[in-house]
Amino acid sequence: MRPLLLHLDHFGSFREPATVDFSDTEYFALVGPTGAGKSTIIDAICFALYGTVPRWGKENVIAHALAPSAGSGKVALVFESDRRRYGVVRSLVRDAKGTVRTKEARIDELDPAAPLDVAYEMVLKSLAEGEHVTPEVQRVTGLEYKFFTQCVVLPQGRFAEFLHAAPRERQDLLVQLLDADVYELIRQRAARDEEAARSAAAFARDQLAKLAGASDEAERELADGLAALRRLAGTLDTDLDLLRAREADIGRAEQERASVAERQSALAALRMPPAVPTLASARREAADAVAALGAEVATLEADEHEAFEALAALGDRAEPVAALAALDARERLTAQAAAARAAAAEAAASLERLVPKVAEAEHALTEAEHERERLRDAHAAAALTHRLAVGEPCPLCLRPLSELPHHERPADLGAADRALAAARDRAGRGRAALTKAETSASMLAAQATRLDTDLAALPAPGDRIEIEGRLAAIAKAEALATEARTAVRGARGKLERARAAAEQVERQAESAWQTLGSTRDRLLVLAPSDDPPPPLTRDDLHHAWSELLGWRDRAAEAARAALTERERELAQATARLAAERHKLTERLAEHGVTVPRNATPDQLGAAVAGAVARADGALERVREERRRAADLEKVVAEKEHEAKVAHELALRLRANAFERWLCAEALAVLVATASETLMELSDGQYELALGERTGDIEVIDHGEAGLRRSARTLSGGETFQAALSLALALSGAVARGLDSIFLDEGFGTLDPATLDTVATTLERLAAGQERMIGVVTHVPALADRVPARFEVLRDAKGSHVRKVGP
Ligand SMILES: Nc1ncnc2c1ncn2[C@@H]1O[C@H](COP(=O)(O)OP(=O)(O)OP(=O)(O)O)[C@@H](O)[C@H]1O
Ligand SMILES: [Mg+2]
């Protein structure tokens, strides 16, 4: 941590804003009178970072940051750590009850390239706020408050804290400084590594145990076996070729036997078709039947021709049939004409009878009309009489009536009307009947006339008996012709059947010839060349078949003998093969190759090739297993070694032993380094050493014959020298990140010679430019030697600070 810019406002004695720029200085002094505010500036740096100040005692007290009169205040610090720039700000406020609380606390990462006067504005990243600011400061600086106040800032009056600290406290501090707590993590890791290495070694040992069979001897045995098998495989082809030749011999013998057997079965199957012996006579009979039937058909056909000639000579039967029909028609017409004439005569007679009756009815009608008129007049006269009066003119004669006429009552007019109606009806009916009779008589007369005309128009009639005789002769001739035709047809059918039967017999004969030909051809192929079947002559089928069967019997006998000979040869070849195969099988068995009883040469070859491949595989497996075993042995050794190392490490780091050892070593180095500085500062009088029993830091007083005593017995000035030596040693030799150190007073306790030595030491340190050095002093002799000075003054407005010097 190296401060660059400090800003304080209403912090402690500073009641006005003040800024201190440390950026271009490596070695500076804060000078000024007592109570001016010098320590306050150092406090402000500490407060900005940790929110507290050593002189306030308790870490969580912030009330002292504000002067009692101040209501609020603020401290801001820009600093560098590990080549990054940070800005930390804390502002305080006093509430109504007078309690001071933090109003704002924050830390940001700032742009390191930005000019310092605008540094706060160039925020790269906000890192923490509020209560998280202090832990974040510890993280980025790597410095805890406690360490900061012992190694970076040596506060006024408390610089001897590390010198006087109890060993335990010093150890805690050094553990932090050295990041020694990492060793506990290392120990835990080592314990885990040990466990992992042990189980890896155990696993590898297990694997190794499983490979126990993969020995040198096993490998040798397998290699020998494989070599022997390869030799066997090298000579195997010759043996297999021999076996194959034997198999070929057997194949040939089997083929020959099969061909003899085939011939034998063909001979045994040879049969004469059953129809052959009777086929010749059957052919003759069929031919005779066809000839006889042919003659019969010819005779019957001549008869038929004759019958039809006779029929034709009788002429067409249509003519006498037509003549007979005409005769029938004339007779019918004659009868009709006679009937018509009779009916016409009857009609004329009935007309004649009707005429007087009609005249009589007409007359009666006239009478009835007269009577009706007479009665009407009589009734009119009688009715008029009633209206006449004497003296009145007569309506008929128009002369005055002298007396009234007397009329008898006339007959009933109604009866006269009915009589008239009846007479009229009779007369009407008489007239109608007369009209009808006249029409009928005229029509019948016309019909009779027409029929007579028709009859006269008919040709002259023939002789019925003669016509009917002709028809009977024709019918008879027709029956005879039909009968002749039926007989011809029957004979023709028989002839056709006889021909079909003859053809059937011919076909049978042809088929028997063909069977004979094909049988002979087949036998010709199967028969030995020196005894072929007899040649074929197509004369006599039965004879040819009989010759072939005779040859068959001789050939069958020869085939039987040949079969016996072939079987004997086959048995010999089979026995030879079996013996040679057995020999080879036994040789294979000697090499551990087992094969089925009747294995073929290919199977034998495959079995040997398989055995070679398996032996090769087995050998390769053993070699692989041996390689794996060697690797596993290496793994076991490595893992056991790792486990041992991890165990040792964990043992060494157990119960903080290593941490303690490390701190003790660091402290020894620290004390030795500080001792050198103290020797220089004390002009060779004092050295520092660790108390062997107590672990306290002691001084070796060379002024007292090198005797040891407690550091607590040193004077104020001597204590400052020893503390300064330790602080410089800590800052320079042990810790990381200690790139600044601030010493608040103590110089007043030194004599001029010692002061000079201290000043020289500090100057040398500052010249290295590795860390910033700040001192707070009243001592002009020291202040004058510091290149950059900040003068702090105090007046009624509080403290002020200004830079003097270069
Ligand atoms: N919280 C505070 N409020 C007001 N004044 C304070 C506060 N703390 C300290 N002071 C006063 O501020 C003044 C400056 O104190 P500081 O310790 O900075 O002085 P100094 O310059 O270091 O003096 P010295 O040389 O004696 O060590 C002193 O008068 C001190 O009493
Ligand atoms: Mg002071």
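Residues numbered from 1 in each chain as written. Chains lettered and ligands numbered in written order. Predicted model: local features only at pLDDT ≥ 70, side-chain atom pairs only at ≥ 80, totals over all residues. Heavy atoms only, no water.

Undergrad: Can you tell me about the overall build of the chain, naming the residues and giving the values?
TA: Within the chain one finds 17 helices and 15 strands. For the chain, whose C-alpha radius of gyration is 86 Å, the value lies well above the compact-globule estimate of 28 Å for 806 residues. Across its three principal axes, the chain shows a C-alpha extent of roughly 220 × 165 × 45 Å. Expressed as a percentage of its 806 residues, the buried residues of the chain come to 38%. Intrachain contacts of the chain at a sequence separation of at least 6 include 70% that bridge at least 24 residues. Summed over its atoms, the accessible surface of the chain is roughly 45,100 Å², and 54% of this surface lies on carbon and sulfur atoms. Taken as two groups, the 105 positive and 129 negative side-chain charges of the chain have centres that lie 3 Å from each other. (Helix = DSSP H or I, 4+ residues; strand = E, 2+ residues; numbered from the N terminus. Rg over C-alpha atoms; globule rule 2.2 N^0.38 Å. Buried < 20%, exposed > 50% of the residue type's maximum accessible area, 1.4 Å probe, protein only. Contact = heavy atoms within 4.5 Å. Areas by Shrake-Rupley, 256 points an atom, 1.4 Å probe, with all protein chains shown as cover. Lys, Arg positive; Asp, Glu negative; His and termini not counted. Charge placed at Lys NZ, Arg CZ, Asp CG, Glu CD.)

Undergrad: Describe the site of ligand 1, naming the residues involved and giving the relevant values.
TA: Not every one of the 17 residues close to ligand 1 is listed here, only the nearest: Gly 35, Gly 37, Thr 40, His 778 and Arg 794. Contact between ligand 1 and His 64: a nitrogen atom at 2.8 Å from a main-chain N or O atom of the residue. Contact distances for ligand 1 include 2.7 Å between an oxygen atom and a side-chain N or O atom of His 778. A total of 640 Å² of accessible area belongs to ligand 1 in isolation, and the protein chains cover 72% of it. Ranked by the residues each element gives to the shell around ligand 1, the list is headed by helix α1 (residues 38-50), at 3 residues. Across the shell around ligand 1, the residue classes break down as 5 nonpolar, 9 polar and 3 charged. (Near = heavy atom within 4 Å. Polar contact = N/O pair within 3.5 Å; in protein donor to acceptor, adjacent residues only side chain to side chain. Nonpolar A, V, L, I, M, F, W, Y, C, P; charged D, E, K, R; others polar.)

Undergrad: Any details on the domain arrangement of the chain? Residues and values, ideally.
TA: One frequent convention defines the size of an interface as the accessible area lost when the parts assemble. The assigned domain composition of the chain is domain 1 (2-143 + 739-804), domain 2 (218-269 + 527-590) and domain 3 (329-466). Spacing between the C-alpha centres of domain 2 and domain 3 amounts to 144 Å. (Domains from an automatic or database assignment.)

Undergrad: Let's hear about the pattern of salt bridges: which residues, and what values?
TA: Counted by the stated rule, this structure contains 51 salt bridges. With a closest N to O distance of 4.0 Å, Arg 424 and Glu 369 form a salt bridge. Here Arg 424 is found in helix α10 (residues 413-457), whereas its partner Glu 369 is found in helix α9 (residues 318-387), with 55 residues between them in sequence. Judged by relative accessible area, Arg 424 falls into the partly exposed class, the value being 45%. Of the charged contacts, one joins Asp 756 and Arg 785 as a salt bridge, the two residues approaching to 2.3 Å between their closest N and O atoms. On the criterion of sequence distance, the pair formed by Asp 756 in helix α16 (residues 752-767) and Arg 785 in the loop between α17 (780-783) and β14 (788-795) is long-range, its members being 29 residues apart. Relative accessible area serves as the criterion here: at 38%, Asp 756 is assigned to the partly exposed category. What emerges from the salt-bridge pattern is a single network uniting Asp 216, Glu 219, Arg 220, Arg 623 and Arg 626. (Salt bridge = Lys/Arg side-chain N within 4 Å of Asp/Glu carboxyl O.)

Undergrad: Give a detailed account of the pairing of β14, specifying residues and quantitative values.
TA: Where strand β3 (residues 27-31) meets β14, 4 bridges bridge the pair, whose relative direction is parallel. Bridge pairing in β14 links Ala 29 to Arg 789. Counting the residues that bridge the hairpin from β14 to strand β15 (residues 798-804) gives 2 residues. (Pairing = 2+ DSSP bridges.)

Undergrad: Requested: an account of the environment of Ala 18, with residues and values cited.
TA: Note on placement: Ala 18 falls in strand β2 (residues 18-21). Note on Ala 18: relative accessible area 8%, which makes it buried. Separated by 182 residues in sequence, Ala 18 and Ala 200 place their C-alpha atoms 67 Å apart. Apart from the residues within four sequence positions on either side, Ala 18 is in contact with Leu 6, His 7, Leu 8 and Val 801.

Undergrad: Now, about the packing of aromatic side chains: what can you tell me, with residues and values included?
TA: With the rule as written, the count across this model stands at 10 aromatic pairs. Here the aromatic rings of Phe 22 and Phe 28 are separated by 5.1 Å at their centres, their planes lie at 40 degrees, and the arrangement is tilted. Accessibility assignment for this pair places Phe 22 and Phe 28 in one class, buried. Taken together, the ring pairs connect Phe 22, Phe 28, Phe 742 and Phe 790 into an aromatic cluster. (Phe/Tyr/Trp six-rings, centres within 6.5 Å; stacked < 30°, edge-to-face > 60°.)

Undergrad: Kindly report on unusual backbone geometry, identifying the contributing residues and their values.
TA: A positive phi is found at Arg 83, a non-glycine position, where the angle reads about 65 degrees. Along the chain, Arg 83 turns up in the loop between β4 (72-81) and β5 (84-94). Take Arg 83: its relative accessible area is 77%, and that puts it in the exposed class.

Undergrad: Kindly report on the packing of α1 against helix α3 (residues 145-152), identifying the contributing residues and their values.
TA: A pair of packed helices is captured by two measures, namely the crossing angle of their axes and the spacing between those axes. At a minimum axis separation of 11 Å, α1 and α3 run at an interaxial angle of 155 degrees. If you check the angle between α1 and α3, you find them roughly antiparallel. Crossing angle aside, the handedness with which α1 passes α3 is right-handed. Facing α1, whose interface residues are Ile 45, Cys 46, Leu 49 and Tyr 50, α3 presents Tyr 145, Phe 148 and Thr 149. (Axes fitted to C-alpha atoms, helices over the stretch in contact; angles between N-to-C directions. Parallel < 35°, antiparallel > 145°, perpendicular 65-115°, else oblique. Left-handed = near helix turned anticlockwise from the far one by under 90°.)

Undergrad: Please give an account of the environment of Glu 360 that cites residues and values.
TA: Take Glu 360: it is sitting in helix α9. Each C-alpha atom of the pair Glu 360 and Arg 426 lies 9.9 Å from the other, and the pair is 66 residues apart in sequence.

Undergrad: I'd like a rundown of the sheet that holds β3, residues and numbers included.
TA: The strand order across the open sheet built from 6 strands is β8-β12-β13-β3-β14-β15, with neighbouring strands paired in mixed fashion. Of all the strands in the sheet, the pair left with one neighbour each is β8 (153-154) and β15. Looking at chain direction, β8 and strand β12 (residues 740-744) are connected through 2 bridges and run parallel. Bridged to Leu 154 within β12 is Leu 743.

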